[in-house]
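Chain by chain, the residues:
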Amino acid sequence: MAFPTRFTHISLLFLTITALSGIWMRLYFVTPKAQILPFEHILHGHSHMAILGWSFLAMFVLYVKLTWESLPMKKHATIILYTILIVTIMMFIAFLYEGYATYSIILSVIHIFVEYWVIIFIWITLKHIPKMTSTVRRYIYASLLSLFLSTLGPFSLGAIAANGLRESPLFEMAIYFYLHFQYNGWLFFMLFGLFLFFLQKNKITYNEKWIQRSFWIYFISLFPAYFSAILWYDIGMSGYIAAFIGVIGQCIAILYLLGALIPAHMQFQSLFSKHMNISYIFIIIILLMKQFMEFGLLIPGLSTLIYETRSVVIGYLHLTFLGFITMFILNLYQSTQLLDEGKKRVTYGIAIFLGGFLLQEVVLFCSALFSWTNGWMIPYQNELLLSATILLLIGICSIWTTISKHT
C-alpha cells in the first residue's frame, strides 16, 4: 500500500491557512477594510493553526511516512489524520467567530485529547518499527513526554482564569510553559529524532556517543530552561540560576549534536542536492541564532525590555517557527520524497519562502533596535511586513502545486 498523498495535502493546507491568516493580520494595519473581525480573534486562530494545525500534523505525517513500510494500523493513522483535520478547522473557525471563548475552548480541549491519541498511537507503533536505534527511540519518547507536559499549560489557564487571575503573571507563565515544551521539547526532539532515523535508514553514520550525550544534556536542561522564558517576572536568584543552567546546558547539547553530525558531512553532500545541503546549513545557523538570542534573556534588565518589545517577541517566535521548525519540516518532506526536490517549483517555492522569512525578520528586529536607540521607525514598516507574508504564501502555494496523485 503506497503512502497516501492526502497526508501531505492536508498538512500543507494548514500551512496555507496559517499564511493567509497572517496576511489578514498584516492587512489589519494597512487598510481599515480588513478590520471586519477583532484582531485578537484572528491572532488566536493564526497561532493555533500554526502550532496545533501545521506543525503538529507535519510531525505526525513525517513519523507515518518514515515508518510506513513497518507501520501497523495504517487505517488507524488515516482516521487520526481526518480527525485532526475536522477538529483543527472547527477550532480555527471558532477562534475567528468568538476569540478565546466557549466553543474555541471546548474545541481546544478536544484537540488536546487528539494529541493524547497521537501520543498513544506513536508509543504503541514505535515498538513494531524494526532496526530503529535506541537513541532515535529515546528522542521520540522524549518528544511525546514533552507534548504531554505542554498540554498542562492550556489546562492550567482555565483554573487560573476561574480563580480571577486572568490578568496575573501566572496566566502568562502558563502560556510560556506551553510554548517552551512545544518549541524546545516536542518539536525539537521529534524533528531531530526523525532526522536521525532518516540518516539511519540511508546508512549514514554519525558519532553515536556524542548524540547520546547531547540527548541527555538537552533533556535534563529542558526543565530549568523554562525559567529563562519567565525572567521578566522577579523569580529570585534560584530561578535565575535555573535559567542559566538550562540555557547553557541546551547550548552545550546543541554543539554536541552538531559535532556528532560532522563525520557525516561528506555523506550528506552525496545524498542531498546542492540546494538541500545549503538549506540544512541554513537551519543549523537559525538554530544557533535562536540559542544565542536566549543568552540575551540572562542579562539583567534586558529580558524585561525584550518581553515588552512586541516586535522582538514576534521576531523570535517566527525565527523559531518559520526559520527552524518549518524549514526543517520542509527539508524532511523533500528528503522523504513527500515533496519532489527535483521539481523547480519546489526549489523556487523554498527560495521565495526564505525571502519572505528573511524580509520579515530584518524588519521586525531592525524596528526593535531603532525603537531602543533613537526612536526612528522604518518607513512603510507594515507594508513591508505584509509583503513578506505574501511572499511566504506564494512560496507555500508553489510547493503545494507540485504534489500530484503520482508523487
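Our structure is the block above this text.
As the structure is a computational prediction, the values presented were derived from the model and not from experiment.

With that settled, the discussion passes to the pattern of salt bridges. All chains considered together, the criterion is met by 1 salt bridge. In this structure, the salt-bridge partner of E294 is K290, at a minimum N-O distance of 2.9 Å. Linking E294 with K290, this pair stays in helix α11 (residues 274-296), spanning 4 residues, or about one helical turn. For E294, a relative accessible area of 4% gives the class buried. Judged by relative accessible area, K290 falls into the buried class, the value being 3%.

Direction vectors running N to C along helix α1 (residues 6-28) and helix α15 (residues 381-400) enclose 165°, while the axes themselves pass 9 Å from each other. In terms of axis orientation, α1 runs roughly antiparallel to α15. The element α1 and its partner α15 pack so that their crossing is left-handed. In this structure, α1 uses H9, L12, L13, L15, T16, A19, L20, G22, I23, R26 and L27 to contact α15, whose residues at the interface are L385, L386, T389, I390, L393, I396 and W400. Here the contact of α1 with α15 is built from residues that sort into 13 nonpolar, 4 polar and 1 charged.

It is worth spelling out the side chain of T88 at this point. Residue position: T88 is located in helix α3 (residues 74-98). What makes T88 buried here is its relative accessible area of 1%. Other than its neighbours up to four places away in sequence, T88 contacts F14, M49, L52, G53 and H111.

Parameters at a glance
- All chains use their own residue numbering, which begins from 1 and follows the written sequence.
- Only residues with pLDDT of at least 70 are given local features in this predicted model, and only at 80 or more are side-chain atom pairs given and counted; all residues enter the totals for whole chains, interfaces and linings.
- Hydrogens are left out, water is left out, and the side-chain values use all remaining heavy atoms of the structure.
- By salt bridge we mean one thing: a side-chain nitrogen of Lys or Arg within 4 Å of a carboxyl oxygen of Asp or Glu.
- Secondary structure elements follow DSSP: runs of H or I no shorter than four residues count as helices, runs of E no shorter than two count as strands, and numbering proceeds from the N terminus.
- Relative accessibility thresholds used throughout: buried, under 20% of the residue-type maximum; exposed, over 50%; partly exposed, between the two (1.4 Å probe, protein chains only).
- Axes here refer to lines fitted to C-alpha atoms; in helices the fit is confined to the stretch in contact. Angles between the N-to-C directions go from 0 to 180 degrees.
- Angular relationships are summarised with four words: roughly parallel below 35 degrees, roughly antiparallel beyond 145, roughly perpendicular across 65 to 115, and oblique for the angles in between.
- Rotating anticlockwise by less than a right angle from the far helix to the near helix defines a left-handed crossing, while the corresponding clockwise rotation defines a right-handed one.
- Whether two residues touch is decided by their heavy atoms; if any such pair falls within 4.5 Å, the residues are in contact.
- Classification convention: Asp, Glu, Lys, Arg as charged; Ala, Val, Leu, Ile, Met, Phe, Trp, Tyr, Cys, Pro as nonpolar; all other residues, Gly among them, as polar.

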